[in-house]
Structure formats: structure tokens, C-alpha cells
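Coordinates in review
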Amino acid sequence: MTGYRPLHDGWTLSSTAGPGVAGLPATVPGCVHTDLLAAGIIPDPYLDLNEESLGWIGRADWTYALGFDWTDGGADRTELVCAGLDTVAAITLNGAEVGRTANMHRSYRFDVGPMLRPGRNTLLIRFTSAYRYAEQLRARLGARPNAYPEPFNLIRKMACNFGWDWGPTLVTAGIWQPIGLHGWRTGRLDRVRPLVTVAGDGGHVELHIALERAGDEPLRVTATVAGEAADAIVPPGERTVTLRLDLSTVERWWPRGHGGQPRYDLEVTLTDPAGVPLDRWHRRIGFRSVRLDTTPDADGTPFTVMVNDRPISARGFNWIPDDCFPHRVDRARYATRLRQATEAGANFLRVWGGGRYESEDFYDLADELGILVQQDFLFACAAYPEEEPIAAEVAAEAREQVVRLAHHPSLVLWIGNNENIWGHADWGWAAALRGRTWGAGYYFDLLPRIVAELDPTRPYWPGSPYSGHFDLHPNDPAHGSTHIWDVWNTDDYTHYADYRPRFVAEFGFQGPPMYSTLRRAITSAPLDPESPAIAHRQKAVDGNTKLLRGLAGHLPPPAGFDDWHWSTQLNQARALRFGVEHLRSLHPLCTGAIVWQLNDCWPVISWAAVDGDGRRKPLWYALRRAFAERLLTVQPRPAGGGALDLVAVNDTGTQWRGQAVLTRSLFTGEPEAKAVLDFLAPPRGAVRLPLPDEVSRPGDPASELLTITEGGNRYHHFFAEDIDLALPPPRYDVKVAEAGDNLEVTVTAGVLLRDVALFPDRLNPESTVDDMLITLLPGESATFRVGGSLGLDPTALTAPPVLRCVNDLGARP
């Protein structure tokens, strides 16, 4: 056999643990949990309290077995190619050991030619419990502090498998990425490492190519891109070659909102002396430059991503694995999720360090959509040993992943870890370690050396957060990147306004998932905020207490589940819109507002904008406004005194000449004062304008609001919190009309209605709505377009709990 043959069909799974299974059909790529689920042996881990009864799976050993036929096709070498094994595995073929693995984040190749035999062959992969392996290493190397009572920092495996403050504890095992046989003759391309750079109008590709050989004859390597070609003869015995392709003119790749995303086909071929093709490598590349500006200034140390020498105002999300079982996330699901990010206005995603190095599909879509990506190396919230065998595994995975992702223009930043430098400084780790290693050698030595060696075209930063210097606190907002977590953990969300950071890589506020997501996950128990079923969906310490505490001073205490669900979702949206608008108003001081988090991996109460079933929460709609390329926001004047400013933030390439019409009015709609402000916001800039006293200082803060109209956009500013507002009881008229396969729900306000929202998923889980959180003055109307509305009862769309506004939460009459 020559060429690649997948080995995906016919696997079986066995274990003596738990109920015991033997010869269970196994899906590859896959994992033990999903095979047990498919066979009906376990219940769905995502439903009810089922997770609690499944801990035995992670403590069991598992064997995957495959019988397959093989015919000798004349290959010089036949290799077993394992793109991903999770995690501690011993592989045998026909009774002979092939190899052992202990890293989920690496691929492996094993020469199995001598072990194969014509006819039937038996391949076994025995997975040792990840718990047992990690606990044995802990006993040998010494315990290391971490954020959770699990040994995730003692094994090179997706850390959040062991549970997180938004995720279940489902410790997986299995063949989680493709596996197959590769038979080849004479030689193959072992590694192709493209370094893509630009200069003036031109572009350059420097290709570092490593070969594997089965003989000593000369080989030819040829590379082509955009009609240009280069080739070289690799003499006998040599295994590396470097080619350079120079293009006089290229179209540059830009992040979304700054230009297009052109990509070029880059191909490398390997041929024998007679010109017979032996191997081929193909990728799509983009030409752009990237650097990180951290030049100290009068305000501290910036953290500005520069693409093609243009500073980028990063607005976006943190990204976690979209499923606890990552093999279930296919290209279509990635495409949906990344488009949800871009449709919310994001241009930046941070791949968090407790998950995985994201897939080719993820990065290819990010390239296509113009999303900038920060990829953390996989260390999170823990001290990590620097001794063997961990150290060698870290080096191997880092080298592989830096090369694997090098061709993607969307990848702009490598980060050493998530919160580990901060943890060492502030969380008592130093005393607990008693001199043991904790990962500093990785973040400050090994990883930057690997990036500098293998991909000097991209910047590296030791951690998130990190201030850039040992003499500074690692989470100093004035220097480098910062995480803001006193808001949510201890402080009200208005505390965001006290920050003047340079780049915020994490900040967030919790809210529950959409109703239909919660109802699917809790199949029979009542939806009660105090119930064990709801508590199981809350993984954060004191999370539900913090949700209620966060309402204080903003919204009244909820009466029953429906009000709890609506008010906590609304408060999450309010908190993050407040934070994002404040951070963007500081432009150019602050160049990053990266919300924790875009997505969830299961149905849970969390910080996500898109819940575990892929539904957009109210937060998503609020961020779509806050992330708008052109933003008007009312902010306190820095000098204080209760005065207000209007800030126009313009993240487009053209100047914004606008006229803001300001109206201070009573809740009944009667205007009290008017003013007009003309402004000019420069391209990629912001302008701050004092609001005239006549519109910014109300006679009665409880019964007045400021409406700002500019072009086709409108912004409302209230002078007091909802709990202190004299909001009238809700009164409105609703008309429902068919519009093709959808429904149009038009709400006409009889009184001031604040933050009108429609939740059609309460009636049909497939139903969606195009907008929400719309404030209407008396007599004004808004039309909501409801998709997936087949079979909906129109009358059910016209009242709570499907149609909601702040007024019906019982604010002060």
C-alpha cells in the first residue's frame, strides 16, 4: 500500500470498569463518553445531574481494538499516523508494541512496516486513566498549586476536561483525531515551515523544509505561489532545504474592518530523480506583517497589536472549547460560532490556555473572516512542573503547534499561559511550592526560544495577564495586558469605570443560558433558582449568590424563576455593555476589550454571550451595539463633578462627521430641553464632547432620560438606576404578521418601555429573534423578526414571559 489509508471504521471499545463493556462499537475520531452514550450505557452527561454519576469513566482504563486487512503495496515505509490520542496510550500491532504516548496536544508517527502482515491485522490502543497517570506524577514530582482540586497540571491534556468554573468534570479518553496508515516510497515531506513576510508592495515566503528518506538518491523540492516558483535538489543524505519565493506585488491580508482577506495557494512538491511525484503539501497563506507595540509611554506600557504597521483596536471574545468532546465540533459548527462573533462586531478571539490548540477549520475560518487570533500555550490557572517527563512533552507540543499554525495570517500572537504568572504573585503559590518549579522556565525561556526559532514573524508574550517586567505587578492595568475580575467576584460592574487599562484580555459577568437551553438540560425538575438542578448548572464559587448580589442597586429582587432568568440575563448584558463602552471611550489609551467569553461547552450558567446550545443571549445583542465600528456613548467627564461627555468612537478608515441631536425628555415623552452637537471623529480615532448642562442635568433623575439621535442610530441614557426610576407599568400594543416563513412582531409603546426583549425560544426551541433590548418612548414602535416560527401561537408572543421589558420587573411605580 502507498498513500494514506484512514483507519476509522470497525473499532471496538472495552473496559472492565463500571458496568463493564466488551466489544462495544466505537466511533473514531471520538472518545469513550460518546461511545458509551451512543450505546445507551450512560445517560447524556449534559442533562440533569448525570455528570455526577460518571466520574468513574475518567478513572478507568480503556482499550480500542481494530481488525483490518492489509496488502503489501510495495511501500518503502508504512507508518501509523495518529493525529491525536487522548492521552496516555500504549499501542500494539499484532502483539508487538508500536509506541507509547502521554500528550493529547501532539501527533505521532510510528514505523509499523515490520509489524504488518498480509491479511488480517490487529491494532490495539490501551488508554491508561488520565487520573492515575497524573496522580502518580504528582506523587513523584510533588504537588503543585492550582485553582481547582484536580491534577490537570500534571498531564498534557485539555485542562478543562477536569472541570472549570463553567464546565463539567468529564475526563475523556480516546482516539480524538484522525488515525491511519501512510505508506510511502523513497521520501516524504516531514515538515514544511513557511515564514511569510512583506516589504513595500512585495511579499516573501521563506520555506524551511524537512524530509524523511527511505533511500539516498537526490530529491527535488519545488514550491509555487502566485505564479512564482522555486526549486532545489536535495543531495543524497541531506534532509533539509530552504526555498525562497519573492513576489514583487501582493495584496495584503487585513483584519476585518480594515481591508480584505486575500489568500494565496502555496504548494510544495517532492519528486524523485525521474520526476515522479512523491509527496505534496498545500496551504493558503496571507501576506501581512504583525508586531506588538509595547514601547513605554507617559501612561505606562501599551499592548497594541500592529497589523501592516496599523494599530488595531481589538474588540472581541475569549474562546473556550465549544464542546467537552471536541471531536463533535465540525467545520459547520465552527463556522456558525465564528460568524456569531463577527456578527456581534468582534475582530479578535483569544484561544484560552485551558483548552486546546485550535483546529485547522477554526483557523481557516478565522483567516477567511478576518478575525485576529491570540493563541495561548496550554497552561492555565496552575503551577506546572518543569521536570521530566512533562518538560519534554511541552517542548515537543510547542514545536509542533508553532509550525502547524505558521501559515495562518489570522494568528497574530502567542501567549505563554493563562493567569499563572499572576497566580504565582498573588494566590499564595510561592509559599506552597517551597522552591519547586512552577512554569517560569517555560514562559520566560523555552517558549519564547521556540517561537523565535520557528516563527520569528509573530510576537510572543509570557502570559495573560502580564505587565511586561518583573518589577511590576503582573496584572497592573497600566502596563501590558490585564484581567479584570474584581468586578463579578466582589465589586459592582460600575467599578469598570475606575479602570484606565491598556488592553483587557479578560473581563466578564455571568448570566443564565436561554430558557430552551436550560429546559432541555433539566428534563423534569422544576426550574427554580434554588433547586439542585439549577445549582448543578452553576460551577462558579458562590455564583448564584453573585448573580443576585450583582442585581443590587440596579434591578429589584426577582420574584420567581421567570423574573430571575430575565433580570440576571439583562444585568449581564448591562454590565458588559457598560464595561466595553467605557474601555472603548478611552481610545487610544486602551486598545483591547476582550470579553470573557463567547461560547460555552455545555448548558450552564456562565459568562458566555452564546450559550451551550448555540443560542444568543441578551448579552450578545448588547455587545453588538457596544462593538459597533462607530459608537456613541455617554461617559462621566474625567474631571468629575457629575458632568457628562459624549464620546464618538470611530473604528473605520474614514472620518465620521456627525450631528448628534440631544433631547432630554420626561418618561411621558414631553421634551424638557434640546441641543445639537456637531462632531468630527478622525479615522481610527475618538472625540470627546462635553454635553450641555441643559440636556445632561435632569430636573428629576427618576423620571427623565436623554435620547441621542445621530443618522439612523439612537442611544438612550438614563440618569438613575432602574430600581430608582419611576418606570410606569408596561402598556403596549402588539401585532403579529406573517412574513414568508417568519413572523414579524411589532410592539407599539403606550408608555416608556425600557429594553424590550422577545424570547420566542420559550415557545419553540428552534425560534430566533433578530434584535432585543430596544427602548421605546410612548407611541414608538419596534418590529422583531422571528425565525423558525412555524407553529408558534401568535398570542403567546404578546405577553410575559415571552415578551419582556424592564418595566415588568416591579421597579418603583
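If you're wondering where the values come from, they're calculated on a predicted model, not measured in any experiment. (Residues numbered from 1 in each chain as written. Predicted model: local features only at pLDDT ≥ 70, side-chain atom pairs only at ≥ 80, totals over all residues. Heavy atoms only, no water.)

Quick look at the layout of surface pockets now. As a volume, the largest pocket reaches approximately 1,800 Å³. What lines the largest pocket is a set of 49 residues, and nearest its centre among them are A83, S107, R283, E400 and R404. At the level of elements, β8 (108-111), β12 (179-184), β13 (187-199), β19 (277-285), α3 (331-343), α4 (360-369) and α5 (390-404) are the ones that each hand at least two residues to the lining of the largest pocket. Considered class by class, the residues forming the lining of the largest pocket number 20 nonpolar, ten polar and 19 charged. (1 Å grid on protein atoms, 1.4 Å probe; cavity = no way out; pocket = protein on both sides within 12 Å on 5 of 7 lines; lining within 4 Å. Points joined across faces, edges and corners; volume = space filled by probe spheres on them. Helix = DSSP H or I, 4+ residues; strand = E, 2+ residues; numbered from the N terminus. Nonpolar A, V, L, I, M, F, W, Y, C, P; charged D, E, K, R; others polar.)

Spatially, the six strands line up as an open sheet ordered β3-β2-β4-β9-β6-β7, and their pairing is antiparallel. Edge positions in the sheet fall to β3 (21-25) and β7 (96-102), since each of these pairs with one other strand and no more. Neighbouring strand axes in the sheet, compared pairwise and without regard to direction, differ in orientation by 20° on average. One ladder, built from nine bridges, connects strand β4 (residues 62-70) with strand β9 (residues 119-128); its direction is antiparallel. Paired with T63 across the strands is R126, a residue of β9. (Pairing = 2+ DSSP bridges. Axes fitted to C-alpha atoms, helices over the stretch in contact; angles between N-to-C directions.)

Two measures describe an aromatic ring pair: the distance that separates the ring centres and the angle between the ring planes. Applying the stated rule across the entire model yields 47 aromatic pairs. For the pair Y442 and Y443, a centre-to-centre distance of 6.4 Å together with 70° between the ring planes defines the contact as edge-to-face. An aromatic cluster is defined as three or more aromatic residues linked by ring pairs; in this entry it consists of F303, F348, F444, W461, Y466, F470 and F503. (Phe/Tyr/Trp six-rings, centres within 6.5 Å; stacked < 30°, edge-to-face > 60°.)

The next point concerns the sheet that holds strand β36 (residues 704-710). Read across the sheet, four strands follow the order β34-β33-β36-β37 without closing on themselves; strand pairing throughout is antiparallel. Edge positions in the sheet fall to β34 (671-681) and β37 (713-718), since each has one partner strand and no second. Each strand of the sheet is rotated relative to its neighbour by a mean of 20°, with strand direction disregarded. When strand β33 (residues 656-666) meets β34, the two strands line up antiparallel, connected through ten bridges. Pairing of S665 across the sheet is with P671, part of β34.

Here we come to helix α12 (residues 543-551). Of all the residues in α12, the buried ones are G543, N544, K546, L547, G550 and L551. End-on view of α12: buried residues confined to an arc of 160°, all on one side of the axis. On the buried face of α12, the contacting elements are α9 (486-489), α11 (532-536) and α13 (561-585). Count one or two residues on from α12 and you reach G553, which has phi positive near 85°. (Buried < 20%, exposed > 50% of the residue type's maximum accessible area, 1.4 Å probe, protein only. Arc of directions from axis to C-beta. Contact = heavy atoms within 4.5 Å.)

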